[in-house]
Structures are given as C-alpha cells and as structure tokens.
Amino acid sequence: MPADSHTMEVRSGQEVTIRPIKPVGEDVVRVDIEADGVWRLDITREGEIADVVTTRDADGTLADRELPEWIDEVTAKFAQF
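Quick caveat, the model's predicted, so the values are computed rather than measured.

S.K.: So what's going on with the side chain of D32? Which residues, and what values?
M.R.: Here D32 is to be found in strand 3 (residues 28-34). Looking at D32, the relative accessible area reads 9%, which means it is buried. Filtering out sequence-adjacent residues up to four positions away, D32 remains in contact with T17, I18, R19, I21, V38, W39 and R40.

S.K.: Talk me through the nonpolar core; I want residue IDs and the actual numbers.
M.R.: By size, the foremost hydrophobic cluster in this structure holds 13 residues, and its most contacted members are V16, I33, W70 and V74. Every element with two or more residues in this core is listed here: strand 2 (15-23), strand 3, strand 4 (38-44) and helix 1 (71-75). By residue number, the principal contributor to this core is strand 4, which donates three residues.

The rules behind each value
Residues numbered from 1 in each chain as written. Predicted model: local features only at pLDDT ≥ 70, side-chain atom pairs only at ≥ 80, totals over all residues. Heavy atoms only, no water. Helix = DSSP H or I, 4+ residues; strand = E, 2+ residues; numbered from the N terminus. Buried < 20%, exposed > 50% of the residue type's maximum accessible area, 1.4 Å probe, protein only. Contact = heavy atoms within 4.5 Å. Core = buried A, V, L, I, M, F, W, Y, C linked by side-chain atoms within 4.5 Å.

Put into structure tokens, the structure is as follows:
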C-alpha cells in the first residue's frame, strides 16, 4: 500500500482503503476508495461527493457500480481536515 494511502474500518466491519490522487479544484480532491472494487470520486472539503469519476469491480474492470452504503462514513472524514 503506498505511503499516502489510509485504511479505515466502516461500521459493517469492512476495511476500506482511501488513496488521494490529486487536487482538482480549490476545495476538491480526487480519491480512490477501494473495498470490493474501486470508486474514484471527487470529494469536497465538506465531505460531499462532487463527482463520481469512475467505478471498477473487484477485478479492476470498469463497471457501473452503485456507491456502497458506507460511503458517507468515508467521505465524512474529509470534513474533519
């Protein structure tokens, strides 16, 4: 896992890896959120999802995936910084 990656456990007990990619605006950062697939999201400083850039399934193949129920737990962490 790269040094800039962070892992957290959501309420369901699942481990989620958060990997910052790059800033895409003054108050928005692009991140990969990985669990049983990958969601590349643009997240605001307030912890709101500005855009869903791409989603991939567990094999890494592009796939149209719904956001998981626990996504708000993860994005809320951005409002703490």
